[in-house]
Amino acid sequence: MDYKKRILVTGGAGFIGSHVVRLLTNKYPDYLVVNFDKLTYAGNLENLSDVEHKENYVFFKGDITSSTDVKNAFDQYAISDVIHLAAESHVDRSIEGPMDFVMTNVVGTVNLLQNAKDNWNDGDHVFHHVSTDEVYGSLGEEGLFEETTSYDPRSPYSASKASSDHFVSAFYHTYNLPIKMSNCSNNYGSHHFPEKLIPLMILNIQNNKPLPVYGKGENIRDWLWVEDHARAIDTIFHNGRIGESYNVGGLNEWTNIELVKYLCQLMDKKLGRISGESEQLITYVTDRKGHDMRYAIDASKLENELGWTPSIQFEEGLEKTVDWYLANQSWIEKVTSGAYQSYYNEMYSNR
Ligand code: NAD
Ligand code: DAU
């Protein structure tokens, strides 16, 4: 078939990537969507079981740090566009071992940029780099991250993402590579790997295990429904201006402890427990090193210029998320077996 676009979606088997792949394959039957993923511990093709048989979807197992893998994918599928989500994404893991983050997030991104530059001599192309609000550092009690906020990454993860953002920008300024960039706040929703706060708490509440809240639980995150992030990526990819970056966020700030208590109440209802029962599981543990205090996004550029707004309230999204985890035990068993158990024990026992 003569596809209008042939998009390489890196990290398509991960949490956000699978929502992006699902949206694109369903909404654009005249695009070929190539899911390029190494299938690390965070990548799972079952995340895409509902789209894997579609004609306009293919999976390519590859590593973004390998020039051979990336070149083969570009050649085999005549890639016209890239939406780049592949990354090492967990801050706690980056504190234990930064080098994987440098390799995938920095070297892998430059390798993709280099291949896009070598392949796209003329015509209409977009390299959309998906990044994070963590590149801006940590806010005090007031203010929001704007696109013009100076970069001030604090963790090895955010330093690697900031570095990748700078390379993306450099390829635009130096080689005119047609890039777009988005920096998003914390996502939540289905298929979220259980190392992250919300799914970790849901599963621990369900299994009557301690709920490890770092420090005093006063750190603030701005939570966004993952499908709203996927819609934002679709909007920016199609309508955003070349060379620009867009912040994506929910204006939805919660302290971690408020959020964990809210999840406890929700789970008490879902599991038929007495109100307040699950809160007994809350355990304050040693804080994350260099723990950023507050993230909050000003998404007005995206809203005013491109008309995007979040679609659902947090309470509704959280309930849908809890329902998804309760209904998908086999997914949970698959992703939490084996290596995840050792990770969990290393991270949380004696903390
Ligand atoms: P994730 O960890 O769930 O998934 C990452 C995916 O990348 C996995 O499928 C993994 O197999 C793949 N991958 C890792 N290394 C690879 C490599 N070397 N080659 C090819 N594939 C590789 O991550 P996520 O939470 O879905 O995040 C996706 C992107 O969005 C990341 O770039 C992240 O920085 C960014 N982001 C995430 C959030 C969030 O709240 N999760 C918020 C803002 C931005
Ligand atoms: O802001 C966007 C970022 O959000 C993304 O770029 C990252 O890829 C993504 O992992 C996420 O980073 P955070 O570090 O904010 O997410 P995490 O779920 O790891 O932690 C959320 C908050 O909860 C944070 O303040 C640390 C705290 N926390 C986390 C865990 C896993 C706990 O208190 N206990 C926990 O067990």
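Report follows, based on the coordinates. (Residues numbered from 1 in each chain as written. Chains lettered and ligands numbered in written order. Predicted model: local features only at pLDDT ≥ 70, side-chain atom pairs only at ≥ 80, totals over all residues. Heavy atoms only, no water.)

A few words on the site of ligand 2. Near ligand 2 there are 24 residues, and of these Thr-132, Asp-133, Tyr-157, Arg-288 and His-291 occur at the shortest range. In this structure, Pro-212 approaches ligand 2 through a main-chain N or O atom, which is 2.8 Å from a nitrogen atom. Interatomic distance of 2.7 Å between a side-chain N/O atom of Tyr-348 and an oxygen atom of ligand 2. Elements supplying a minimum of two residues to the shell around ligand 2: α6 (197-206) and β8 (211-214). For the shell around ligand 2, the residue count by class is ten nonpolar, eight polar and six charged. (Near = heavy atom within 4 Å. Polar contact = N/O pair within 3.5 Å; in protein donor to acceptor, adjacent residues only side chain to side chain. Helix = DSSP H or I, 4+ residues; strand = E, 2+ residues; numbered from the N terminus. Nonpolar A, V, L, I, M, F, W, Y, C, P; charged D, E, K, R; others polar.)

Moving on: the sheet that holds strand β9 (residues 220-225). Pairing is mixed in the open sheet, where three strands are placed in the order β7-β9-β11. This sheet does not close on itself; its edge strands, each paired only once, are β7 (186-188) and β11 (253-255). For this sheet the average axis-to-axis angle between neighbouring strands, irrespective of direction, equals 50 degrees. Note that β9 and β11 share three bridges and pair antiparallel. (Pairing = 2+ DSSP bridges. Axes fitted to C-alpha atoms, helices over the stretch in contact; angles between N-to-C directions.)

The environment of ligand 1 is formed by 28 residues, the closest being Ile-16, Asp-37, Ser-89, Tyr-157 and Lys-161. Within the contact set of ligand 1, an oxygen atom lies 3.0 Å away from a backbone nitrogen or oxygen of Thr-40. Taken by itself ligand 1 offers 830 Å² of open surface, and the protein chains cover 97% of this. Within the residue set of the shell around ligand 1, elements represented by two or more residues are α1 (15-27), β5 (126-132), α5 (156-175) and β7. No other element matches β5, which puts three residues into the shell around ligand 1. Each residue belonging to the shell around ligand 1 can be placed in one class, and the counts come to twelve nonpolar, twelve polar and four charged. (Areas by Shrake-Rupley, 256 points an atom, 1.4 Å probe, with all protein chains shown as cover.)

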